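Given next are the chains, with one letter for each unit.
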Amino acid sequence: MKRLKKKKLNTEVEPKSSVESTPTEVQAVKGNVSIGNKISNNDLVMNQNFQTPTTGLDTLFIYIDDYLYFIAVLITALILIKYLRPVAKKLFTRHFNYVAINKYLSKHLSVDDYTLYSKISLPIPSGMADIDELVLSPYGVFVISCQPQTGRIYADTTSEVWSEQIGKNRNNFPSPSRQLPMKLAGVKQLFGIEEHIHGLIVFDQEADFRTNMPKNVFQTGQLLSRIQSYEDKIFTQEQISHFVLLLSEYKSSNPFKDLFSKLGEKKVTKFWMGKLAVKRALIFLCTRGGF
């Protein structure tokens with residue numbers, strides 16, 4: 001019995017774990033942990049060495065870098081505006097100078113006394129007289145010829161042509177002094193009067209006269225004072241109303257509308273010409289190909 005009890009006691013002892021760490025494995029694990037700690041410490045040291053203190057200029061450069069494209073576009077736009085604005089102004093003055101003069105006079109002349117008409121054509125014995133600007137008032141009728149030239153002007157009243165020089169290029173243009181009497185004749189014929197109709201020739205303010213400025217030739221800045229220098233009322237209100245009625249038959253033209261209509265006509269013409277060309281090409285291919 002005693003032997004059996006001893007055997008049971010031996011069997012009830014808890015079994016030891018089958019896997020036991022050897023001393024060499026424990027040392028290896030400790031070595032790996034120490035190596036990992038050393039590597040992490042080295043990384044921290046390296047990061048601390050590479051981290052340099054930022055200044056205000058660094059922040060500014062970072063901010064500029066984010067908006068560099070926008071800044072470049074803005075600078076380019078400013079440069080284009082600076083150099084293209086004079087060119088655009090000259091082009092507008094050359095083609096639509098009477099529009100600027102009309103706006104200028106409308107702003108400074110009283111609506112109660114002055115009535116403005118732009119781009120009207122009046123019949124004359126030799127054809128039609130094109131008038132750039134006509135100002136109707138009790139103080140007189142002003143027929144204005146608007147000149148598009150902006151360079152150096154060489155005017156000669158005895159010649160049929162005047163000259164404009166821009167840089168090294170010098171071009172001739174018909175003398176406005178010779179054309180003005182025909183325009184005055186159209187107004188006289190329409191109104192049935194011979195006096196108190198004043199002809200004025202106006203150049204842009206940038207025009208540089210290298211000769212003496214002929215009579216009745218002014219620049220834009222002198223036009224208003226010239227018109228307002230006539231202070232005596234010549235025409236009654238009934239006469240003015242009659243003149244307005246006569247002018248109502250000759251409507252002012254809209255330059256922008258005419259320009260767009262011409263562009264539209266060109267597009268339509270190109271469309272039909274292209275369609276006709278395609279049709280001819282198909283006929284040619286069919287006849288040559290034996291279809």
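Being a predicted model, the structure only gives us computed values, none of them experimental.

1. Observations concerning the overall build of the protein chain
Phase 1: Along its length, the protein chain carries eight helices and nine strands.
Phase 2: Sorting the 291 residues of the protein chain into buried and exposed places 27% on the buried side.
Phase 3: A separation of at least 24 residues holds for 57% of the contacts in the protein chain among residues at least 6 apart in sequence.

2. Focus on the sheet that holds strand β4 (residues 152–154)
Phase 1: The strand order β6-β5-β4-β8 describes an open sheet built from four strands, whose pairing is mixed. With partners counted over all chains shown, the strands left at the sheet margins are β6 (169–174) and β8 (208–209), one partner each.
Phase 2: When β4 meets strand β5 (residues 161–166), the two strands line up antiparallel, connected through three bridges. Bridging across to β5, Ile153 finds its partner in Glu164.

3. Observations regarding unusual backbone geometry
Phase 1: The backbone phi angle of Lys119 is positive, close to 50°, even though this residue is not glycine.
Phase 2: The residue Lys119 is located in strand β1 (residues 115–124) in this model.
Phase 3: You can call Lys119 partly exposed: its relative accessible area is 28%.
Phase 4: In this structure, Asn216 takes a positive phi of about 65° despite not being glycine.
Phase 5: Mapped onto the fold, Asn216 is located in the loop between β8 and β9 (217–219).

4. A word on a nonpolar patch on the surface
Phase 1: Together, Phe70, Ile71, Leu74, Ile75, Leu78 and Ile79 make up an exposed nonpolar region whose accessible area comes to about 570 Å².
Phase 2: Within the secondary structure, Phe70 sits in helix α4 (residues 68–108).
Phase 3: Phe70 sits in the exposed class, given a relative accessible area of 54%.

5. Thoughts on the confidence of the model for the protein chain
Phase 1: Chain-level statistics for the protein chain give a pLDDT mean of 75 and a share of 58% at 70 or above.
Phase 2: Note that pLDDT drops below 50 for residues 1–9; the model gives that stretch zero contacts with residues more than four away or on any other chain.
Phase 3: For the stretch residues 11–19, pLDDT sits under 50, and the model shows zero contacts to residues farther than four places along the chain or on other chains.

6. Concerning helix α7 (residues 237–247)
Phase 1: Along α7, the residues classified as buried are Ile240, Phe243, Leu246 and Leu247. Looking straight down α7, one finds its buried side chains confined to an arc of 120°; they lie on one side. Facing away from the buried side of α7 by over 90 degrees, the exposed positions are Gln237, Glu238 and Leu245.

Thresholds applied
Residues numbered from 1 in each chain as written. Predicted model: local features only at pLDDT ≥ 70, side-chain atom pairs only at ≥ 80, totals over all residues. Heavy atoms only, no water. Helix = DSSP H or I, 4+ residues; strand = E, 2+ residues; numbered from the N terminus. Buried < 20%, exposed > 50% of the residue type's maximum accessible area, 1.4 Å probe, protein only. Contact = heavy atoms within 4.5 Å. Pairing = 2+ DSSP bridges. Patch = residues over 30% accessible without salt bridge, like charges linked within 9 Å, V, L, I, M, F, W, Y side chains within 5 Å. Areas by Shrake-Rupley, 256 points an atom, 1.4 Å probe, with all protein chains shown as cover. Salt bridge = Lys/Arg side-chain N within 4 Å of Asp/Glu carboxyl O. pLDDT = per-residue confidence, 0-100. Arc of directions from axis to C-beta.

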